[in-house]
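Inside the fold
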Amino acid sequence: MELEAAREVLLDAAEREFYEKGYQAVSMADLRGASGVALKQIYRNFPGKEALVVAMLDRRDDAWMGALSSRVELEVEPAARVGAVFDWLGWWLSGAGHRGCAWVNAYGELGAQSPEVTAAVRRHKDRFREYLGEIVGAAGGGEATARAVFLLAEGAMVAAGIAGSVECVPAAKEAALRLLEPV
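Residues numbered from 1 in each chain as written. Predicted model: local features only at pLDDT ≥ 70, side-chain atom pairs only at ≥ 80, totals over all residues. Heavy atoms only, no water.

Within the largest apolar cluster, 56 residues are counted, with the highest numbers of intra-cluster contacts made by Leu-57, Trp-64, Phe-86, Leu-89 and Phe-128. When residues of this core are traced back to their parent elements, those giving at least two are α1 (3–21), α2 (28–35), α4 (49–72), α5 (78–93), α6 (102–110), α7 (115–138), α8 (143–163) and α9 (168–179). In terms of residue count, the dominant contributor to this core is α4 (10 residues). (Core = buried A, V, L, I, M, F, W, Y, C linked by side-chain atoms within 4.5 Å. Buried < 20%, exposed > 50% of the residue type's maximum accessible area, 1.4 Å probe, protein only. Helix = DSSP H or I, 4+ residues; strand = E, 2+ residues; numbered from the N terminus.)

Okay, structure coming up:
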């Protein structure tokens, strides 16, 4: 298997395994078995598990943000775009096998001992916060409103992951839209 193809197969397996079982529970040998990529090729692509986790989180960030923005861009009205964030989150959070936010999970398991994982988590959260800032700003909300909408979205993700239910998402959406209403 060529190096780049092996990298993608390995990242796919890593995303599945880490998300289903946890970052610390999955060994490089487990990833070799799940991916079919030889250990030698794994280490040619990634010097260690931490580098693999960071690459997987960064790749997942691109896919996650792409899917979110594709849904949001279907809406024409600026406030509807804010609401669409929560609609998409509700859809995503209700997916089969959902175990909460991959970045929160990674931070909880590895953040204390890995500055690189912490940086990957922060990149994702910063990117999401900035994206929300753009769409909230277009809907007439200021920085404080954008921060509040970000906290509502993050809170909904954590609450849904813990509860195993998306019941909190409509309430978060309603609160976010109320923040956009004129005073």
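Our focus in this paragraph is the confidence of the model for the chain. Mean pLDDT over the chain works out to 94, with 99% of the residues at or above the 70 mark. Within the chain, α7 carries the highest mean pLDDT (98), whereas helix α3 (residues 39–45) carries the lowest (90). (pLDDT = per-residue confidence, 0-100.)

With that settled, consider α8. Side chains three or four residues apart in an α-helix point the same way, a direct result of the helix having 3.6 residues per turn. For α8, spanning 21 residues, the distance from its first C-alpha to its last is 30 Å, which sits close to the expected 30 Å at 1.5 Å a residue. Taken together, the buried positions of α8 are Thr-145, Ala-146, Val-149, Phe-150, Ala-153, Glu-154, Ala-156, Met-157 and Ala-160. The inward-facing, buried residues of α8 abut α4, α5, α7 and α9. (Expected span 1.5 Å × (residues − 1). Contact = heavy atoms within 4.5 Å.)

Turning next to the pattern of salt bridges. Applying the stated criterion to the full structure yields 16 salt bridges. For the salt bridge of Asp-87 with Arg-71, the shortest nitrogen-to-oxygen distance reads 3.6 Å. Residue Asp-87 is located in helix α5, and its partner Arg-71 is located in helix α4; the two are separated by 16 residues in the primary sequence. By relative accessible area, Arg-71 is classed as partly exposed at 23%. Measuring nitrogen to oxygen at the nearest pair gives 4.0 Å for the salt bridge that ties Glu-143 to Arg-147. With Glu-143 and Arg-147 both in helix α8, this residue pair falls 4 residues apart, about one helical turn. What makes Glu-143 exposed here is its relative accessible area of 66%. (Salt bridge = Lys/Arg side-chain N within 4 Å of Asp/Glu carboxyl O.)

Following both chains from N to C, one finds α5 and α8 inclined at 15 degrees, their axes separated by 11 Å at the closest point. For the element pair α5 / α8, the angle class is roughly parallel. For the pair α5 and α8, the sense of crossing is right-handed. Contact residues: Val-82, Phe-86, Leu-89, Trp-92 and Leu-93 in α5; Val-149, Leu-152, Ala-153, Ala-156, Met-157 and Ala-160 in α8. (Axes fitted to C-alpha atoms, helices over the stretch in contact; angles between N-to-C directions. Parallel < 35°, antiparallel > 145°, perpendicular 65-115°, else oblique. Left-handed = near helix turned anticlockwise from the far one by under 90°.)

A few words now on the packing of aromatic side chains. Scanning the entire structure with this criterion turns up 8 aromatic pairs. Pairing Trp-64 with Trp-103 gives two aromatic rings, centres 5.9 Å apart and planes at 75 degrees, and the pair type is edge-to-face. Pair noted here: Trp-64 is in helix α4 and Trp-103 is in helix α6, with a separation of 39 residues, a long-range link. The buried category is assigned to Trp-64, whose relative accessible area is 4%. Overall, Trp-103 belongs to the buried group, its relative accessible area being 0%. With 5.8 Å between their ring centres and 5 degrees between their planes, Trp-88 and Trp-92 make a pair best called stacked. (Phe/Tyr/Trp six-rings, centres within 6.5 Å; stacked < 30°, edge-to-face > 60°.)

Taking 1.5 Å per residue as the helical rise, α5 with its 16 residues ought to reach 22 Å, and the 23 Å between its terminal C-alpha atoms agrees with that figure. Listed in full, the buried residues belonging to α5 are Val-82, Gly-83, Ala-84, Val-85, Phe-86, Trp-88, Leu-89, Gly-90, Trp-92 and Leu-93. Taken together, the buried residues of α5 touch α4, α7, α8 and α9.

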